[in-house]
Each structure stands twice: as C-alpha cells, then as structure tokens.
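Descriptive analysis of the structure
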Amino acid sequence: MKLCVFGAGAIGGLMAAKLAQKGDAEVTVIARGPHLAAMQANGLRLRSEGQEMVTRPRCVASAAEAGPQDYVLVTLKAHSLPGAAEQMQPLIGPDTAIVSAVNGVPWWYFHGLGGPHEGRVVESVDPGGVVSRLLPPARAIGCIVYPAAEVTEPGVIEHTYGDRFSLGEPDGSRSPRAQKLSEALIAAGFKAPVRPRIRDELWVKLWGNMAFNPISALTSATLDALIADDGQRGVARAMMLEGQRVAEALGVRFAIDVDKRIAGAAEVGAHRTSMLQDLERGRPMEIEALLGAVVELADLVEEPAPTCRTVLALVRARARAAGCLP
C-alpha cells in the first residue's frame, strides 16, 4: 500500500509517524521549509503518552517527487484545498482514493447523498467547483479527526489526546478501499471504524466547531471560560440549534442532544480553539468551512439561522481587521 500525507502538520505528522512505524505501508510525507529539512535530517519525531519515537517516512517537497499513490491523506486546513488541489495531481493514479481529513463541511458533501441536492457544489469550500474538478468526489473517503496534536518544533509532533479517525464513503457503502484503509490505521494503533452514515458523525464534531471556534475568536476565551459564561454559552447554544435544524433538513440524525454536546466540550478544559490560535498567530482562519458553509446550507434548506449569520458577519470582520482572511 502506498500512502501519502499531503499537509504534514500536526495531524498529518501523527498519522505518518504511526503508519511508518508499523511498516506495512510505503509512507510518503509532503512538507516544506524547516519542517521538511528537519524530518529529512533527523526523521519524524512523535511524542505521545510520555514516550518519543523516531520514524523515517519518505519526506519530499512536491507531489511530483512522490508519484501516484493508493491513498492520499489530506490534512490541510479547508481554505488551503482549492489552491493545493492542482499541486496534488501527480499523486493521483487510476484508483487513488483521497482521504478528506479536513475540518468542517467537505467539498464532497453532496456526492452520494441522493435526493434533490445530489452533486451540488458547496461554494464556501469549493468556489466555482475547482476542488471537485481536480479531486472528483467519487475519489473521496470521509475522515473525522478526533486526536489533538501540535508541531512543537520542526520535525517534532506532540500528541496530546485522542486516537480515533472515523472513516466513511459518501454513499454509505462499506467499500473494500475504506475497509483496507481502516485496517491499516488500526494496525498502526488508531481506532478507525468505517461508518455507514459519516455525515452524522461529521455534524456532531462540526456542531461544536461552528459555534465555539468563532465565538472564541471574537472574545479570546478558552473553551472552559466560554462555556462557563452565560452569555457566550447562550449564543453558542443558539447557533448549534440553528445548525441542527439545517442538518436535520438534509437528513442528518443526531445521536446526542445539544446540552450533552456542550457538556462534552466543557470537559476539554482550558483549550484555545484552532480559530483563536490562528487569529493570535496571524494565520488564515477556517471561517468558511466551519460556519460559512453552514449558513450556505441554511439558505439551501430555507432555514433563517439568524444567530449564525450574525456571528459569521462579526468573525469575518474580525479576521479582516487582523489580516487573517485566506
């Protein structure tokens, strides 16, 4: 099996390190700058559960050096994907699967869903359908990312918690390619179930991200402080209920209620959301994949979603003022 990690930051590095350690797959990492140089010189270092391991996946600067793959694990921020899709073309052979380990509403969302919206382009994450043209949704395998990790220095990944990557075909089938990938991830030490309704799980994760991330960027609050504050928690809850109505109109089933989801987030503690971290570091923020796309889908199903629309306008303005728009 030939596996390539495109976007070898924290999550991509975690996956590459464990897959390379197992040794059953030919693992290639595409990276750049000091991170690439460090991995080429010293290997990819993973610190997890009080231990450090060093692996040596093949580390290259371009897709052309890597060549065609069986699986391409895409671990980029969603706003980077339209620009990166062209660069990924040398990785794609006749049967290559694109594993979408990207937060938010994915470009393949309406592929295999059936019904009146089958094949629709989600403009917020796939402007003009550029991603769908270069990375056809039929190649996509959905992947919900649960671990938390950080690049602490070039070539070094610190794994904080979590070991699950839920997989799913957009059409709900239990395909041989999804099963084979699941087996490879399980052998590497991850939990990797293949889900028949991957969008249900996608929305449970998105449910929190669509609310907590933008609110934290507006208030600079850590997750525990945000939820402890009646006003911020109330806004988040209202946004989540609006998102739930959008998702259910598109056929999603929620296995838990909104208050249980909020309680689960509170248990994470004094966590700075990814959007807040990006704002503080002057990096582009994942506004459109996490909230802009939800508002786009709200328009599609004629859901008013007033709280989501207001927070979206505010966080876009915040990002614009800080120079953090993609």
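Reference entry: report on the structure contained in this document. Quick caveat, the model's predicted, so the values are computed rather than measured.

1. Structural notes on helix α10 (residues 258-266)
Among all positions in α10, only V258, R261, I262 and A265 are buried. Buried residues of α10, viewed axially, fall in a sector of 100 degrees; they line one side. Elements that come into contact with the buried residues of α10 comprise α7 (198-219), α8 (223-228) and α9 (230-249).

2. What about the nonpolar core?
Counting 74 residues, the largest nonpolar core has M88, L91, L135, W203, F212 and M285 as its most contacted members. Excluding residues within four positions of it along the chain, L91 makes contact with C4, F6, I30, A63, A66, G67, P68, Q69, V72 and T96. Formed by 36 residues, the second largest nonpolar core is a distinct cluster that contains M15, L19, A25 and F190.

3. Some points on the side chain of Q244
Positionally, Q244 belongs in helix α9. Setting aside residues up to four positions removed in sequence, Q244 forms contacts with W207 and F254.

4. A look at the packing of aromatic side chains
Summed over all chains, the structure comprises three aromatic pairs. With a centroid separation of 5.2 Å and 80 degrees between ring planes, the pair formed by Y109 and F110 is classed as edge-to-face. Here the two residues Y109 and F110 agree in accessibility, since each one is buried. An angle of 45 degrees between the planes, with centres 4.5 Å apart, marks the rings of W207 and F254 as tilted. With a gap of 47 residues between them, W207 in helix α7 and F254 in the loop between α9 and α10 connect regions that are remote in the sequence. In this pair, the class of W207 matches that of F254, namely buried. Above the ring of F190, the side-chain terminus of K18 is found at 5.3 Å from the ring centroid. Its guanidinium or amino end placed over the ring of Y146, R164 lies 4.0 Å from that ring's centre, counting from NZ or CZ.

The rules behind each value
- Residues numbered from 1 in each chain as written.
- Predicted model: local features only at pLDDT ≥ 70, side-chain atom pairs only at ≥ 80, totals over all residues.
- Heavy atoms only, no water.
- Buried < 20%, exposed > 50% of the residue type's maximum accessible area, 1.4 Å probe, protein only.
- Helix = DSSP H or I, 4+ residues; strand = E, 2+ residues; numbered from the N terminus.
- Arc of directions from axis to C-beta.
- Contact = heavy atoms within 4.5 Å.
- Core = buried A, V, L, I, M, F, W, Y, C linked by side-chain atoms within 4.5 Å.
- Phe/Tyr/Trp six-rings, centres within 6.5 Å; stacked < 30°, edge-to-face > 60°.
- Lys NZ or Arg CZ within 6 Å of the ring centre and 35° of its normal.

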